[in-house]
Amino acid sequence: MKKSTVANIQFAFVLLLVIGINMLLVYFERGANGSSINNIWDSLWYMMVSLTTVGYGDKYPVTPEGKIIGYVFVIASVGLIGYLIGKFTSFFNRFMEMKKLGQYGTDFKNHVVIIDWNNYSQKVAKEIIQANKELAVVTNSKDDIDLINNLYGTKVFTLFADYENFGSLDKVNIRDASSVFVSFPDDTQSLVYVLNARKIYGNINLIVALQNSNLQDTFVSAGIEKTIPRDEITSRLVASYIFEPDVADLTEELMGTSNSELEYDIAEYKIIEPNKMIGKDYLDVFLELKKKFNSILMGISKNENGKYKLYKNPPEGIKIAKCDYLVIMSTGNIKKQLEKEFGVPEGRSE
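Along each chain, residue indices are assigned from 1 in the same order as the chain's sequence is written. For a predicted model such as this one, the threshold for reporting local features is a pLDDT of at least 70, and the threshold for listing and counting side-chain atom pairs is 80 or more; totals across whole chains, interfaces and linings nevertheless cover every residue. The side-chain quantities take in all heavy atoms of the structure and omit both hydrogens and water.

Before going further, it helps to examine the nonpolar core. To define a nonpolar core, start from buried Ala, Val, Leu, Ile, Met, Phe, Trp, Tyr and Cys residues and group those joined through side-chain atoms within 4.5 Å. Only protein chains enter the area calculation, which uses a 1.4 Å probe; residues under 20% of their type maximum are buried, those over 50% are exposed, and those in between are partly exposed. Of all hydrophobic cores here, the largest spans 27 residues; its most connected members are Ile115, Val138, Leu169, Val172 and Tyr193. Element by element, the count of residues in this core is highest for helix 6 (residues 187-201), at 4 residues. Only heavy atoms enter the contact rule, under which two residues are in contact if any of them lie within 4.5 Å. If near-sequence neighbours (up to four positions away) are discounted, Val172 is found in contact with Thr106, His111, Val113, Ala136, Val138, Phe157 and Leu159. Tyr269, Tyr282, Ile300 and Leu338 belong to the second largest nonpolar core, which has 18 residues in total. Each helix is a run of H or I in the DSSP string that is no shorter than four residues. Each strand is a run of E no shorter than two, and both are numbered from the N terminus.

With that settled, the discussion passes to the side chain of Ser301. Turning to its location among the elements, Ser301 is positioned in strand 8 (residues 296-304). If near-sequence neighbours (up to four positions away) are discounted, Ser301 is found in contact with Tyr308, Lys309, Leu310, Asp324, Tyr325 and Arg348.

A few words on the layout of surface pockets. Considered as a void within the structure, the second largest pocket measures approximately 650 Å³ in volume. In the scheme used here, Gly and all other residues not listed as nonpolar or charged are polar, with Ala, Val, Leu, Ile, Met, Phe, Trp, Tyr, Cys and Pro taken as nonpolar and Asp, Glu, Lys and Arg as charged. A breakdown of the residues in the lining of the second largest pocket according to their chemical character gives 7 nonpolar, 7 polar and 7 charged. A cavity here means a set of points on a 1 Å grid, drawn over the protein atoms and nothing else, where a 1.4 Å probe fits but cannot get out; a pocket is an open set with protein on both sides within 12 Å along at least five of seven lines, and a residue lines either one if it has an atom within 4 Å of a point. Grid points are joined across faces, edges and corners, and a volume is the space filled by probe spheres set on the points.

What follows deals with the packing of aromatic side chains. Two aromatic rings from Phe, Tyr or Trp, using only the six-membered ring of Trp, form a pair when their centres are within 6.5 Å; if the ring planes differ by under 30 degrees the pair is stacked, by over 60 it is edge-to-face, and anything between is tilted. Scanning the entire structure with this criterion turns up 10 aromatic pairs. Here the aromatic rings of Phe88 and Phe92 are separated by 6.5 Å at their centres, their planes lie at 20°, and the arrangement is stacked. Here Phe88 and its partner Phe92 are both found in helix 3 (residues 64-100), 4 residues apart, which amounts to about one turn of the helix. Note on Phe88: relative accessible area 57%, which makes it exposed. Phe92 gets classed as partly exposed once you look at its relative accessible area, which sits at 43%. Here Tyr308 and Tyr325 contribute two aromatic rings whose centre-to-centre distance is 5.3 Å and whose plane-to-plane angle is 75°, an arrangement assigned as edge-to-face. Residue Tyr308 is found in strand 9 (residues 307-312), and its partner Tyr325 is found in strand 10 (residues 325-331); the two are separated by 17 residues along the sequence. Given the relative accessible area of 23%, Tyr308 is considered partly exposed.

Tracing the backbone shows Ser141 in the loop between strand 2 (135-139) and helix 5 (142-152). Classification of Ser141 by relative accessible area gives partly exposed; the value is 23%. Put simply, Ser141 and Asp116 are 25 residues apart on the chain and 9.0 Å apart in space, counted from C-alpha to C-alpha.

This is the structure in structure tokens:
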């Protein structure tokens, strides 16, 4: 039998029981000397004020039989209060559990979404949070929820979801995310996931961490231009430490977000109006940033045919234009000054 059918039967039984008891109370009380309960409405009113423990005292039974029914109402009031408290507690606990699991969604915009929680994505999350970027994490393990909450508290929105349920990604506001980082330990799972995600959500900015760098071409063919070979990055850094340790030290420092005011970091800033750099030559801006902020302009990213192309250390003659991104190396204590100069926080805004 369906739950809805059982519930309907139970409701009908309770309703008939209430009507029956009230009719019985009227039968005993009507016409009795000093009785204030003479019809069904009087009886229902007495029942309500008794069950809710209000007890106005305007209606009350005077016959022995009526008082027995009154005792039933008083005893039932204790059960009713317990039932209501239990229901409220259950509802509140359910609400908090759903909230902890991210089932009510987030209003984050221009944020980063990480799909799957593991040691690698945890390291990425640490860098994102240090850069003061809003972050949402999707995981299929409830144990990860507690771990993430203990590590970052409310700084990170966490969603518990089945990875095959792509509709749940609306809860992390994926369409308004600046980047979606897919961090599955299995490349085949990553490929299937990004293909389905692209089919449903269109041209979202997907970034994939690969175990096997030989699969980069496969992902490029699937329309995923930004892939990060984990083993390749590690091997290059190790090799650099072997024969160019100073280069490796600098590279490692620049790869992360600066943790102190004296550490170097590379960040990009968007050119928006009314920035005075618009229309200036790249070399002039390079010198201006060096003199004013002791920062080094390392490249410029320009929107060409709907996609951004990075020019690293470009030659003289390139002009700064609206919506360009300037890639700048600076220390942590200069970041606030640069953000004020550009009028935007570091990082991509689309």
